[in-house]
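Tertiary structure, described
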Amino acid sequence: MCEMYDEILTEGLNGVIINKTEDVDIVNPWNVSSTRATGVDYEKLTKKFGCTKITSELIKKVKSIINKDPHHLLTRGIFFAHRDFDIILDMYVQKKPFFLYTGRGPSSEAMHLGHLIPFIFTKWLQDIFDVPMVIQMTDDEKFFWKDLTLEQTHTLAIENAKDIIACGFELDKTFIFSDLDYISQSRAFYSHILRIQKLVNFNQIKSIFGLGESDSIGKIQFPAVEAAPCFTGSFPHIFGVENAKTKEMRCLIPCAIDQDPYFRMTRDVAPKLGYAKPAMIYSSFIPSLQGAQTKMSASEEMTSIYLTDTPNQIKNKINKFAFSGGKDTIEEHREKGGDCSIDIPYQYLKFFMEDDKKLEQIYQDYTIGKMLSGEIKKQLIQIIQDIVKDHQEKRSKITDEMVKAYMTPRKLKFSY
Ligand code: TRP
């Protein structure tokens, strides 16, 4: 059955999956959408991109290594695919050094709930692995792709850095940098960008990213900028002068799967630069309030929950716009039950409700019609209001001096 299904799958351009029943998934760094009510078929995407699925065995391995329950974003399959994450786990066991790398494209001042996911998970990874970490703010990228000036994208980078710091990253283990600033501060960073640019040609960029002749040369060269932080040589203030040992120091990148094209390219050039390939652990997307066909987007005000929303706005948005997998009338719902696979409140609870037992109970009650749509929404509203309030409190304590401290190139503390 599975094979037959694969046979009728025809591949479109970079990240577009089409099959003859006319379901279409689009996943690339600029677009995520699906015609299916259950959203992108991540199983198929994993295969198409050539990543590896995160199996229950791998999750068990994590548990036995860290000696406690892994984060629910991992156990619930929200982080669902990887490249060489198993190698990173082995390195951790053997006490070999590695580091974490993630980033954010600052295109809007108000970050939304979905933007928090990779940072929440990365913070957890930093806590368990106790390794240094770099966070790239791509103000240059957003200048190329959005109708924004460099001054605007740089200001947004600083504003977004406050939200990221509010997630709890430790100052002595975390370096946050704006591309615009750091390229002018670091010959080493720019040197690595140039080395990567020399190794990748336009044909490769065309086929990996779908960029073409009429795209600006800024966009065409940018992938090298996102690739360079994978290499320790870009950060001599953290890792010292590049040598055989620092070149073996891999990075692990927790991010959403739409970034895979960048790192596929990076893994290709890494050996040519004498570096170990970067490893990745990939998340799915948090759906928009209106349904899993699209991801939450900073530019869709009514279908996104922002980290700046008031409790009332959160309540109204969820009550009014969250797509329900419940039935039209109470009678019908009691009789037939709701469909959690398309119910947005349930899907969001999977991201944000920490208690596994409670979540399972809700799943059961909602599926058999014991719990109503209004009730599941009420649970979600409370949880999201608490998370956003907590975030706002933490963010309000982040001063400009603190941002500067995180963004100053300096030595970080780590034990190898
Ligand atoms: N391109 C990413 C964005 O638009 C930002 C980014 C840069 C990033 N480096 C990264 C994301 C590394 C994840 C991992 O949001």
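Quick caveat: nothing in here was measured; it's all calculated off a predicted structure.

1. Considerations on the site of the ligand
The ligand sits among 14 residues. The nearest are Tyr101, Gly105, Gln136, Glu226 and Gln259. Between the ligand and the protein, one listed contact pairs an oxygen atom with a side-chain N or O atom of Lys142 at 3.3 Å. One of the side-chain nitrogen or oxygen atoms of Gln259 is found 3.0 Å away from a nitrogen atom of the ligand. When the ligand sits alone it has 370 Å² of accessible area, and the protein chains cover 90% of it. Here the ligand is seated within the largest pocket. Breaking the shell around the ligand down by element, the ones donating at least two residues are β7 (98-104), α7 (139-145) and β10 (250-256). By residue number, the principal contributor to the shell around the ligand is β7, which donates four residues.

2. Some thoughts on the sheet that holds strand β6 (residues 79-83)
Taken together, seven strands build an open sheet; the order of strands is β5-β6-β11-β10-β7-β8-β9 and the sheet is mixed. Of all the strands in the sheet, just β5 (52-53) and β9 (174-178) have a single pairing partner and so form its edges. Bridge count between strand β8 (residues 133-137) and β9: five bridges; the pairing is parallel. The residue bridging Ile135 from the neighbouring strand is Ile176, located in β9. The strands that helix α15 (residues 260-269) touches are β6, β7, β10 and β11 (279-283); relative to β11, the one it contacts most, it runs at about 170°.

3. Observations concerning helix α11 (residues 202-209)
Taken together, the buried positions of α11 are occupied by Ile205, Ile208 and Phe209. What you see down the axis of α11 is that its buried residues fit within an arc of 75°, all on one side. Counted as exposed and oriented over 90 degrees from the buried face of α11: Asn203 and Ser207. Residues of α11 that are buried in the fold lie against α12 (217-227) and α15. Structurally, the start of α11 carries an N-cap: the backbone nitrogen of Asn203 is 3.1 Å from a side-chain oxygen of Asn201.

4. Brief notes about the nonpolar core
Leu125, Ile176, Leu252, Ile281, Ile318 and Ile384 are the most contacted members of the largest nonpolar core, which totals 70 residues. By residue number, the principal contributor to this core is helix α6 (residues 113-129), which donates nine residues. Each of domain 1 (5-288) and domain 2 (300-395) accounts for three or more of the residues forming this core. Beyond its immediate sequence surroundings of up to four residues, Leu252 is in contact with Phe85, Ile88, Phe99, Leu100, Tyr101, Leu125, Phe129, Ala279, Met280 and Ile281. With 52 residues, the next largest nonpolar core counts Phe80, Ala81, Phe175 and Met249 among its residues.

5. With respect to unusual backbone geometry
Phi at Asn67 is positive, roughly 65°, even though this residue is not glycine. In this structure, Asp84 is a non-glycine residue whose phi angle is positive, near 60°. Within the fold, Asp84 resides in the loop between β6 and α5 (85-93). The buried category is assigned to Asp84, whose relative accessible area is 19%.

6. Focus on the packing of helix α18 (residues 344-352) against helix α20 (residues 373-396)
Two elements in contact, α18 and α20, have axes separated by 9 Å at closest approach and are oriented at 40°. The two elements α18 and α20 meet at a crossing, and its hand is left-handed. Residues Pro345, Tyr346, Tyr348, Leu349 and Phe352 of α18 form the contact with α20, whose own contacting residues are Ile376, Lys377, Leu380, Ile383, Ile384 and Ile387. Each residue belonging to the contact of α18 with α20 can be placed in one class, and the counts come to ten nonpolar, no polar and one charged.

7. Some words on the domain arrangement of the protein
The accessible area lost on association of the parts is a frequent measure of interface size. Segmenting the protein into domains produces domain 1 (5-288) and domain 2 (300-395). Computed over C-alpha atoms, the centres of domain 1 and domain 2 are 29 Å apart. Taking both partners together, domain 1 and domain 2 bury about 2100 Å²; carbon and sulfur atoms supply 66% of that area. Viewed at the interface, domain 2 and domain 1 are joined by three salt bridges. A salt bridge links Arg76 to Asp356, with the shortest nitrogen-to-oxygen separation between them at 2.7 Å. Summed over the shared surface of domain 1 and domain 2, the number is eleven residue pairs in polar contact (both at pLDDT 80 or more). Those elements giving two or more residues to the side of domain 1 that touches domain 2 turn out to be α4 (72-75), α6, α8 (150-165) and β12 (287-288). A per-class count over the side of domain 1 that touches domain 2 returns twelve nonpolar, five polar and four charged.

8. Focus: the pairing of β7
Burial within β7 is extensive, with six of its seven residues counted as buried. Note that β7 and β10 share three bridges and pair parallel. The residue of β10 that forms the bridge with Phe98 is Arg250. For β7 and β8, the ladder comprises five bridges, and the chain directions are parallel. Along β8, the bridge assignment pairs Arg104 with Met137. With respect to chirality, the unit in which β7 leads through α6 into the neighbouring parallel β8 is right-handed.

Reading guide: rules and limits
Residues numbered from 1 in each chain as written. Predicted model: local features only at pLDDT ≥ 70, side-chain atom pairs only at ≥ 80, totals over all residues. Heavy atoms only, no water. Near = heavy atom within 4 Å. Polar contact = N/O pair within 3.5 Å; in protein donor to acceptor, adjacent residues only side chain to side chain. Areas by Shrake-Rupley, 256 points an atom, 1.4 Å probe, with all protein chains shown as cover. 1 Å grid on protein atoms, 1.4 Å probe; cavity = no way out; pocket = protein on both sides within 12 Å on 5 of 7 lines; lining within 4 Å. Sits in = over half its atoms within 2 Å of the grid points. Helix = DSSP H or I, 4+ residues; strand = E, 2+ residues; numbered from the N terminus. Pairing = 2+ DSSP bridges. Contact = heavy atoms within 4.5 Å. Axes fitted to C-alpha atoms, helices over the stretch in contact; angles between N-to-C directions. Buried < 20%, exposed > 50% of the residue type's maximum accessible area, 1.4 Å probe, protein only. Arc of directions from axis to C-beta. Core = buried A, V, L, I, M, F, W, Y, C linked by side-chain atoms within 4.5 Å. Domains from an automatic or database assignment. Left-handed = near helix turned anticlockwise from the far one by under 90°. Nonpolar A, V, L, I, M, F, W, Y, C, P; charged D, E, K, R; others polar. Buried area = accessible area lost by both parts, 1.4 Å probe. Salt bridge = Lys/Arg side-chain N within 4 Å of Asp/Glu carboxyl O. Right-handed = clockwise from strand over helix to strand, strands pointing away.

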